[in-house]
Amino acid sequence: MSEPRHFVLAAGGTGGHMVPAAALAAELIRRGHSVALVSDARGVRFPGLFEGIETHIMPAGRLAGGPVGWLRAGRAMLKGRAMAIKLFKAHRPAAVIGFGGYPAFPALMAAFACRIPTAIHEQNAVLGRVNRLVAGRVSAIATSYPDVARLAPGHWGKTRLVGNPVRESVRMLRERPYPLIEEDSIFRVLVTGGSQGASVLSQVVPDGLALLPVSLRRRLQVTHQARAEDIEAVRAKYAEHSIPAELATYLPDLPEQLGWAHLVIARAGASTLAELTCAGRPAILVPLPSATDDHQTANAREMTDAGGARTIAQRHFNPVELAKQMQKLGLDPQALQNAAHRAWSIGRPEATGDLADLVESLDGPLRPNPVGAPRAARPKPQAAYA
């Protein structure tokens, strides 16, 4: 174990930023270090992620709304930077690690001013706006994908592929076999649209499942996360089609639901992809078209190319197309098992530990291992997937 040190994690207020930050915080604490979180008011609303961890809420503007909005954002960022400098001078951290999102920017700017080592972690397959702004000045860049768009070639030398950290309860699913599926057994479908749900999934999935052949439809058991404003309409649709469905606006037992799922229908957020590939679960992915730089489509590409998922662009996502893609997978148990194995084969279950190793090494030279290097050999499949 290395000498105990203090680290500051700076993350935007969405689940995609906060979940990997929380996973790293837990690992650093397990290694004997102390950790503090810098975020905005949104970042502290996630229950259980940072319990017992020193938390600092700082202002951070968002570059939107034209010149007036930019001016307001600039003032907020300068105020956040000044607060962070004061914090760092009082409790000088060994390093500051940013996870993207505008709340990370003032903390990283303060770290540059205080000459504190820094790193950023990029969850998506496209380098985010804030990470692009600071990439040239940070000590190290950690990525979740081998190929990351908007990452300048000049930064490859300080870039490491570590993957996207997931919760320990999800990582443990990697050791569980894909659920047994036979010709007449229950077929479990998990529908999730990320922390906010997705109305398009609620609009399309029930009707799409109703178009499946009777032999498959009568075996369905659905768990569906829906937005509060959609949930009663979705419940009525499933009842109309006589499809057993459990609905909720939030799934606190998502890892357990994922463990039992035969197929997942989901958005293509970075955390969702990391969980699917870590657990080894096949999926039908519907990328959010409004995601910045269309990064969800880029996220889905690796899993789709590997054969672990099928991607349907939202403009083509309708009940007929969903039923067609589900039949290609669901009518053949062996095809599902093969897709599960292919998803599993690209998982990066050691992401949390690898990121913690990188963070601990920030006071020394980085080992050469650029993103542009050949990919590491894939692990051999588990017996459960053989």
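Our structure's up above, just so we're on the same page.
To start, this report covers the structure provided alongside it. Note that the structure is a prediction, hence the values are computed from the model and not measured.

## Quick notes on the pattern of salt bridges
Turning to step 1, where the next piece is worked out: As enumerated under the stated definition, the model contains 14 salt bridges in all.
Turning to step 2, where the next piece is worked out: The residue D184 makes a salt bridge to R218 at a minimum N-O spacing of 3.5 Å. Of this pair, D184 sits in the loop between helix 5 (168-171) and strand 8 (187-192) while R218 is found in the loop between helix 7 (214-217) and strand 9 (220-225), placing the two residues 34 residues apart along the sequence. Each member of the pair, D184 as well as R218, carries the same accessibility label: exposed.
Turning to step 3, where the next piece is worked out: A salt bridge links E232 to R235; the nearest nitrogen and oxygen atoms lie 3.5 Å apart. Residue E232 and its partner R235 are both found in helix 8 (residues 231-240); the two are separated by three residues, about one turn of the helix.
Turning to step 4, where the next piece is worked out: On the basis of relative accessibility, which here comes to 35%, the residue R235 falls in the partly exposed class.

## Points about empty space enclosed by the protein
Turning to step 1, where the next piece is worked out: Scanning the model with the defined rule gives one cavity of 30 Å³ or more in all.
Turning to step 2, where the next piece is worked out: The computed volume of the largest cavity comes to approximately 140 Å³.
Turning to step 3, where the next piece is worked out: Every residue lining the largest cavity is counted, 15 residues in all, and those nearest its centre are S144, L273, A274, T277 and R348.
Turning to step 4, where the next piece is worked out: Contributing elements (two or more residues each) for the lining of the largest cavity: helix 10 (270-279) and helix 11 (295-306).

Rules used throughout
Residues numbered from 1 in each chain as written. Predicted model: local features only at pLDDT ≥ 70, side-chain atom pairs only at ≥ 80, totals over all residues. Heavy atoms only, no water. Salt bridge = Lys/Arg side-chain N within 4 Å of Asp/Glu carboxyl O. Helix = DSSP H or I, 4+ residues; strand = E, 2+ residues; numbered from the N terminus. Buried < 20%, exposed > 50% of the residue type's maximum accessible area, 1.4 Å probe, protein only. 1 Å grid on protein atoms, 1.4 Å probe; cavity = no way out; pocket = protein on both sides within 12 Å on 5 of 7 lines; lining within 4 Å. Points joined across faces, edges and corners; volume = space filled by probe spheres on them.

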